[in-house]
Number of protein chains: 2
Amino acid sequence: MKIIEGSVTAAKGFQATGGHIGIKADKNDLAVVYSETPCTYAGAFTQNVVKAAPVHWDKAILESGRKVHAVVVNSGNANAATGLQGEKDAADTALVLAQALGVDQKEVLVCSTGVIGVPMPMELIKKGVPEVAKTLGSSLEHGNLAAQAIMTTDTVQKTIAVEETIGEITFTVGGMSKGAGMIHPNMATLLGFVTTDINISKEMLQKALSKAINTSFNMITVDGDTSTNDSVLVLANGLAGNPIIDSEGEAFDKFYAALYEVCKYLAVSIAKDGEGATKLLEVRLSGAKSFEDGKTLAKSILTSSLVKTAFFGEDANWGRIFCAMGYSGVNFDPNKVNIAIESSAGKEAMLSAGLPLAFSEEKAKKILEEKEITILVKMGEGDAQVTAWGCDFSYDYVRINGDYRS
Amino acid sequence: MKIIEGSVTAAKGFQATGGHIGIKADKNDLAVVYSETPCTYAGAFTQNVVKAAPVHWDKAILESGRKVHAVVVNSGNANAATGLQGEKDAADTALVLAQALGVDQKEVLVCSTGVIGVPMPMELIKKGVPEVAKTLGSSLEHGNLAAQAIMTTDTVQKTIAVEETIGEITFTVGGMSKGAGMIHPNMATLLGFVTTDINISKEMLQKALSKAINTSFNMITVDGDTSTNDSVLVLANGLAGNPIIDSEGEAFDKFYAALYEVCKYLAVSIAKDGEGATKLLEVRLSGAKSFEDGKTLAKSILTSSLVKTAFFGEDANWGRIFCAMGYSGVNFDPNKVNIAIESSAGKEAMLSAGLPLAFSEEKAKKILEEKEITILVKMGEGDAQVTAWGCDFSYDYVRINGDYRS
């Protein structure tokens, strides 16, 4: 597997673009991804009871089993808590792009991100979407335009592409994502778009996606808030020309590894770019009774405001990590737990079998000064291990979110 | 029922004091509460898997059923994650006070609050506790000294007392509490101490406490972090002289009402004094399917960092409230939900049957400028109603917790 420059336009036959249609004052706010060849499609969506209208639209198309040609994404408005009008607006948005591209309305997926509870500005959509669609192209720059147009409070664009071979056949998986706040995915997440030219059945594509998000997008948290709009969509147009992957085996494994690489990169990019974040935090937890237990423990650590502010303050306050594990809801023996911190500046053990160690404050400070820090936890209860990612909690999170809507 | 000046020394026969023994650099760090008459005792404790040593000590005494004479509380060190040495230190702390007061070691309860994972400075305890115990007294000021000595990041002392009559008999319930961060009680909470001269059986005292904390201490949150040390203790010495309350009935109801008043006041005081808080937030949620559902929904709203920062920014971003309900884990129909905000400046509806209302931003702003704001939620699904309290999330929370331990 090779990481290459690019994103959703890296795989054969995919075009993309981004533009400004006026939902946001001065930043690009509309992205389109398109494949002339119809695409097998897999998706994963938010588990929030309050689901945005586009989530309903995309889920219905997923359940219908049909192939798709395009995705239209707006930022600046979530089209959530907008009732029946919101459902109609999502369908109309698909129709506008479908007409511009000459495809069926139900071959167009829709995603939205932004403020909740504000009606979609449909005049801007009807006028703007066909204009933006005219600028579709397959270059690296076209991919970048799309990745930038889906950003909200993101500070960097999040894109990656990888190349892999199955026998003589080369295939590509590329993706983009957005997300910085309201990030605590549950089964699905934020907005993530992956395109690939692999030839694969719908069932195996969904299987690969579901497995990949479980240890990538579902393992990140910024602020514990699971959004109404989380969606990860994968489109596969088959242009790589490999024999169709319709069962497990070496070809599926190779595709899965490439898809996972893309999902993990996009997910970790989101944790790293968490609103106001100054540090990427990684929890590597081993010895849990089960994967679910490990996940709950790791996310409880990464969601704790007290843990997050301690890392912002570069304070080796491991007691808050232990405390957050204790209230996670998972039952465990505190007397078996080991905790250590690690970064490129070194590693320092803090807790051994439930007892505090006399550690070097100076060494701990050096470790915590780094921008990427790993919290190592050993439970001593079983064989399950998980890795999860989050970020610290700074003054800027409060600044950004004390004044987001207005 | 009458609210009177006072706290844990308000009820007949109770003495208290506070002093400085050197655990903290310059603030009082040790409190003692004492009744010469032995007290029936009830308690509720943290559900965190990682329990502090004093919690184990107090639970064992509760289970033994014996009466108690005193409580010793230190701030500055939580005596949590301190292993067998910590258990021994909690027992030794009880012994030191027991010897000073001439009572049995197992008639002394112990509470600690402060940093996790640091061995207790037992030399200071052994030297300081007898000195502080010498200053016990029953005045209002003695109660204040105790209330101040248990504070950590609290900015105000939290005390209350109420007086009530049963027939000709007057009884008093007084209390103090501490807590500002790591506040998200589960079944018990933080530190709360209630003294009363009512004559009541152990079973009925525990019954009253368990019921009272369920809708007071267990209904507050500051940061979603359930502490390792949460404890609420009630001591009843019977000096009011009423016939013993050993079953439900009018006398029990009157005592319960007084106890609840004290617990609620102490709990709401903690939410209002949340670390860095500028506003007290109250959620009044009705029409839930069950009390548990309502509690989960209300606490999900009050725990959301996005909701909390929006209130800090005085932004009427009700979408975040709706979103936090959606990911709470409670299943409900979004199309039945109503949301409004209210304060002394007025009331404004935001969401009606799942649909956004065109509300006055100007009026909403005025409501949000107040220091105490109520979020009104109607679920339209059942008869259960709950009230919960929290606070906003400001820059100061980050400042306080980015630099607590060091």
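Residues numbered from 1 in each chain as written. Chains lettered and ligands numbered in written order. Predicted model: local features only at pLDDT ≥ 70, side-chain atom pairs only at ≥ 80, totals over all residues.

### Side note on the overall build of chain A
Put simply, the test is: Strands here are runs of E lasting at least two residues and helices are runs of H or I lasting at least four, both read from the DSSP assignment and numbered beginning at the N terminus. Each radius of gyration is computed over the set of C-alpha atoms, and the globule rule expresses the reference value as 2.2 Å times the number of residues to the power 0.38. Any residue with 12 or fewer other C-beta atoms within 10 Å of its own C-beta is exposed, any with 20 or more is buried, and the rest are partly exposed; the C-beta atoms used are placed from the backbone. Residue pairs are scored as contacts if the distance between their C-beta atoms, which are placed from the backbone, is within 7 Å.
Within chain A, the secondary structure is distributed over eleven helices and 15 strands. In summary, chain A has a C-alpha radius of gyration of 22 Å against a globular reference of 22 Å for 406 residues, a match within 12%. Along the longest, intermediate and shortest principal axes, the C-alpha atoms of chain A span 70 × 55 × 35 Å. Looking at chain A as a whole, 63% of its 406 residues qualify as buried. In chain A, once contacts between residues fewer than 6 apart in sequence are set aside, the share between residues at least 24 apart is 80%.

### Overview of helix α5 (residues 202–214) of chain A
In plain terms, the rule: Expected span of a helix: the number of residues minus one, times 1.5 Å.
Here α5 of chain A contains 13 residues, and its C-alpha end-to-end distance of 18 Å stays within 8% of the 18 Å for a straight helix at 1.5 Å per residue. Against the buried residues of α5 of chain A lie β3 (30–45), β9 (231–236) and α6 (250–272) of chain A.

### Focus: the domain arrangement of chain A
Residues and elements named next belong to chain A. Rule in force here: The split into domains, and so the bounds of each, comes from an automatic or database assignment of domains. Three classes are used: nonpolar for Ala, Val, Leu, Ile, Met, Phe, Trp, Tyr, Cys and Pro, charged for Asp, Glu, Lys and Arg, and polar for all others, with Gly counted as polar.
Taken domain by domain, chain A consists of domain 1 (2–270) and domain 2 (280–402). When each unit is reduced to the centre of its C-alpha atoms, the spacing between domain 1 and domain 2 is 32 Å. Taken together, the contacts link ten residues of domain 1 with eleven residues of domain 2. Of the residues in the side of domain 1 that touches domain 2, the class split is five nonpolar, five polar and no charged.

### Let's talk about the environment of Val118 of chain B
Secondary-structure assignment places Val118 of chain B in the loop between β5 (108–115) and α3 (122–133). Taking the C-alpha atoms as reference points, Val118 of chain B and Asn79 of chain B, separated by 39 residues in sequence, lie 6.8 Å from one another.

### Comments concerning unusual backbone geometry
Not every positive phi belongs to a glycine, and Asn79 of chain A is a case in point at roughly 45 degrees. For Asn79 of chain A, the location among the structural elements is in the loop between β4 (68–77) and α2 (83–101).

### Describing the sheet that holds strand β13 (residues 355–356) of chain B
Residue and element names in this part refer to chain B. Short version of the rule: Whether two strands pair comes down to DSSP finding at least two bridges between them. For helices, the fitted axis covers only the stretch in contact; all axes are lines through C-alpha atoms, and the angles between them, taken along N-to-C directions, range from 0 to 180 degrees.
With respect to topology, six strands assemble into an open sheet ordered β13-β12-β11-β14-β10-β15, the strand pairing being mixed. Lying at the two open borders of the sheet, with one neighbouring strand each, are β13 and β15 (384–391). Contacting β10 (280–288) and β15, helix α6 (residues 250–272) crosses the sheet at an angle of about 45 degrees to β15.

### Let's talk about helix α10 (residues 361–368) of chain A
All names here are of chain A. For clarity, the threshold we go by: Here, the arc refers to the directions that run from the helix axis to the C-beta atoms.
Among all positions of α10, only Ala364, Ile367 and Leu368 are buried. For α10, the buried positions fall inside an angular range of 95 degrees around the axis, keeping them on one side. On the buried face of α10, the contacting elements are α8 (305–312), β11 (338–343), β12 (346–352) and β14 (372–378).

### Here's the deal with the packing of helix α1 (residues 53–64) of chain B against helix α2 (residues 83–101) of chain B
Residue and element names in this part refer to chain B. For clarity, the cut-off: The cut-offs work like this: below 35 degrees is roughly parallel, past 145 is roughly antiparallel, 65 to 115 is roughly perpendicular, and the gaps in between are oblique. Here is the rule for handedness: rotate from the far helix to the near one, and if that takes an anticlockwise turn smaller than a right angle the crossing is left-handed, while a clockwise turn gives right-handed.
Orientation of α1 relative to α2, taken along the N-to-C sense of each, is 60 degrees, at an axis distance of 8 Å. When the interaxial angle is binned, α1 and α2 end up oblique. Between α1 and α2 lies a crossing of right-handed hand. Where α1 approaches α2, its residues Ala53, Pro54, His56 and Trp57 are matched on the opposing element by Gly86, Glu87, Asp89, Ala90, Ala91 and Ala94. Partitioning the contact of α1 with α2 into residue classes produces six nonpolar, two polar and two charged.

### Quick look at the sheet that holds strand β15 (residues 384–391) of chain A
Consider a sheet: its strands pair through backbone hydrogen bonds, and that pairing is either parallel or antiparallel. Residue and element names in this part refer to chain A. Reading across the sheet, the six strands line up as β13-β12-β11-β14-β10-β15 and stay open at both edges, with mixed pairing between neighbours. The sheet terminates laterally at β13 (355–356) and β15, the two strands that pair on one side only. Sitting on the sheet, helix α7 (residues 291–303) touches β10 (280–288), β14 and β15, and the angle it makes with β15 is about 25 degrees.

### Looking at the pairing of strand β14 (residues 372–378) of chain B
Every regular strand shows the same layout, with side chains that alternate between the two sheet faces. Residue and element names in this part refer to chain B. Residues Ile373, Ile375 and Val377 of β14 are buried on one face, while the alternating residues Glu372, Thr374, Leu376 and Lys378, pointing to the opposite face, are not. Pairing analysis gives seven bridges linking β10 to β14, with the strands arranged parallel. Looking at β14, one finds that Glu282 is bridged to Thr374.

### What about the environment of Gly13 of chain A?
Residues and elements named next belong to chain A. For Gly13, the location among the structural elements is in the loop between β1 (2–4) and β2 (14–19). Looking at Gly13, the number of C-beta atoms within 10 Å reads 17, which means it is partly exposed. For the pair Gly13 and Phe45, spaced 32 residues apart in the sequence, the C-alpha separation amounts to 26 Å. Discounting chain neighbours no more than four positions away, the residues touching Gly13 are Ser35, Glu36, Thr37, Asp197, Asn237 and Leu239.

### Considerations on the environment of Asn317 of chain A
Residues and elements named next belong to chain A. Counting through the fold element by element, Asn317 comes out in the loop between α8 and α9 (318–326). Take Asn317: there are 26 C-beta atoms within 10 Å of it, and that puts it in the buried class. Through-space distance from the C-alpha of Asn317 to that of Met350 is 9.3 Å; in sequence the pair is 33 residues apart.

### What to know about the confidence of the model for chain A
Just so we agree on the cut-off: How sure the predictor is of each residue is captured by pLDDT, a score from 0 to 100.
The pLDDT averaged across chain A works out to 90; a share of 95% of its residues lies at or above 70. Taken element by element, chain A is modelled with least confidence in helix α11 (residues 395–402) of chain A, mean pLDDT 79, and with most confidence in helix α3 (residues 122–133) of chain A, mean pLDDT 98.

### Quick look at the pairing of β2 of chain A
All names here are of chain A. Within β2, five of the six residues are buried, which leaves the element mostly enclosed by the surrounding structure. Across six bridges, the pairing between β2 and β3 is antiparallel. Its bridge partner being in β3, Gly18 is matched across the sheet by Ala31.

### Structural notes on the packing of α5 of chain A against α6 of chain A
All names here are of chain A. It is at 9 Å that the axes of α5 and α6 come closest, and there the two elements cross at 45 degrees. Classified by the angle between their axes, α5 and α6 sit oblique to one another. Along this stretch, α5 crosses α6, giving a crossing that reads as right-handed. Listed contacts from α6 to Met204, Ala208, Lys211, Ala212 and Ile213 of α5 are Phe252, Phe255, Tyr256, Leu259, Tyr260 and Cys263.

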